[in-house]
Amino acid sequence: MTSTQAEIDRSDLGTLSVLAWIGDPSEGHDIPYLLAYTLGDGPKGKEAGEAAARGLLEEIGLPIGDVVMDGTRNPSTFAVQILLAGNQVALTLPGLNATCTAPDEWVAAADESGQAYFLFATTAWPEAVPGRPVSPEVLQAFAGDEAVLTGSAHCVITVQSLRQ
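Each chain carries its own residue numbering, running from 1 in the written order of its sequence. Totals for whole chains, interfaces and linings use every residue, but because this is a predicted model, local features are given only for residues with pLDDT of at least 70 and side-chain atom pairs only at 80 or more, for both listing and counting. In computing side-chain values, all of the structure's heavy atoms are included and hydrogens and water are not.

### Here's the deal with the overall build of the chain
- Helix and strand definitions here come from DSSP, where helices need a minimum of 4 consecutive H or I residues and strands a minimum of 2 consecutive E residues; each element is numbered from the N-terminal end. The helix and strand tally for the chain stands at 4 helices and 8 strands.
- Moving toward the C terminus, one meets the helices and strands of the chain in the order β-β-α-β-β-β-β-α-β-α-α-β.
- For the radius of gyration, the atom set is restricted to C-alpha positions; the globular benchmark scales as 2.2 Å times the number of residues to the power 0.38. In terms of C-alpha radius of gyration, the chain reaches 15 Å, essentially the compact-globule figure of 15 Å for 164 residues.
- Taking the principal axes of its C-alpha atoms as reference, the chain extends roughly 50 × 35 × 30 Å.
- Within the chain, the proportion of its 164 residues that are buried is 43%.
- Where accessible areas are quoted, they stem from the Shrake-Rupley method and a 1.4 Å probe; at the residue level, only the protein chains shown are allowed to cover. Just so you have it, the chain exposes about 8,700 Å², and 51% of that area is on carbon and sulfur atoms.
- Side-chain charges of the chain comprise 7 positive and 21 negative groups, with the mean position of each set lying 8 Å from the other. Burial here depends on accessible area, computed with a 1.4 Å probe over protein chains only, as a share of the maximum for the residue type. Under 20% is buried, over 50% is exposed, and the range in between is partly exposed. Neither His nor the chain termini are counted; the positive set is Lys and Arg, and the negative set is Asp and Glu. Working definition for charges: the position is that of NZ of Lys, CZ of Arg, CG of Asp or CD of Glu.

### Some thoughts on the confidence of the model for the chain
- The predictor attaches a confidence to each residue, called pLDDT, with possible values from 0 through 100. Residues with a pLDDT of 70 or more make up 94% of the chain, whose mean pLDDT is 90.
- Ranking the elements of the chain by mean pLDDT puts helix α3 (residues 136–143) last with 93 and strand β7 (residues 115–121) first with 97.
- Within the model, pLDDT remains below 50 along residues 1–5, and this stretch shows 2 contacts once partners closer than five positions in the same chain are excluded. Whether two residues touch is decided by their heavy atoms; if any such pair falls within 4.5 Å, the residues are in contact.

### Description of the state of the cysteines
- Any two cysteine sulfur atoms within 2.5 Å of one another count as a disulfide. Taken as a whole and assessed by the stated rule, the structure comprises 0 disulfides.
- There is no disulfide at Cys155, and the cysteine sulfur nearest it, in Cys100, is 15 Å away.
- Among the residues examined, Cys155 registers a relative accessible area of 0% and is labelled buried.

### Description of the environment of Ile157
- Here Ile157 is to be found in strand β8 (residues 152–161).
- It is 12 Å that separates the C-alpha atoms of Ile157 and Leu62, two residues lying 95 residues apart in sequence.
- Setting aside chain neighbours within four positions, we find Ile157 in contact with Thr72, Phe78, Val80, Ile82, Gly114, Gln115, Ala116 and Phe118.

### Observations concerning α3
- Those residues of α3 that fall on the buried side of the exposure criterion are Leu139, Phe142 and Ala143. Looking straight down α3, one finds that the buried residues subtend no more than 85° of arc, so they occupy a single side. Facing away from the buried surface of α3 by more than 90 degrees, the exposed residues are Glu137, Gln140 and Ala141. Note that the arc is defined by the directions from the helix axis to the C-beta atoms.

### Side note on the pattern of salt bridges
- By salt bridge we mean one thing: a side-chain nitrogen of Lys or Arg within 4 Å of a carboxyl oxygen of Asp or Glu. In the structure shown here, the tally under the stated rule is 3 salt bridges.
- Asp12 is the salt-bridge partner of Lys44, the closest N and O atoms lying 3.9 Å from each other. One end of the pair, Lys44, is in the loop between β2 (32–38) and α1 (46–60); the other, Asp12, is in the segment before β1 (16–22), and 32 residues separate them in sequence.
- The partner of Arg73 in a salt bridge is Asp70, with the nearest N and O atoms 3.3 Å apart.
- Among the residues examined, Arg73 registers a relative accessible area of 68% and is labelled exposed.
- On the accessibility criterion, Asp70 (35% relative accessible area) is partly exposed.

### A short note on helix α2 (residues 104–113)
- Among the residues of α2, those classed as buried are Trp106, Val107, Ala109 and Ala110. On an axial view of α2, the arc spanned by its buried residues comes to 165°, and they lie on one face. Along α2, the residues that are exposed and aim more than 90 degrees away from the buried face are Asp104 and Glu112.
- One or two residues past the end of α2 sits Gly114, with phi positive at roughly 75°.

Shown next as structure tokens:
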């Protein structure tokens, strides 16, 4: 018997947010990170949003867990795209777009390396509302949580730039 998965209702995700940060350069951690997450505010609630996030990642071929996909080999055909214009980061996934403002050190690191480490968390993070600052401690508590990390898709992606 064969079964097919129904297309994911992206509205179940609710608000898709993106946060850019960089590790501590003084400790040799100058990697630009980009985290996508849902606020869990979709019409069917947090659990449906988290299920939709898992379904979306499966649908676009990004494994959840400890596998790090290399999106730098064929950046034009990879399911996730990052475009940088000034300090504005635009994230594009099939059927979804999100933007954020990156700190200057993120932009410098992305310009230097030409890539970013991308995580898409399936765990909702309702406390990290767009437009409100997130302290390093709050970010570390979420992004460093083992359950969040093992429940995320991980990949290294080419950062494409608009030269001004």
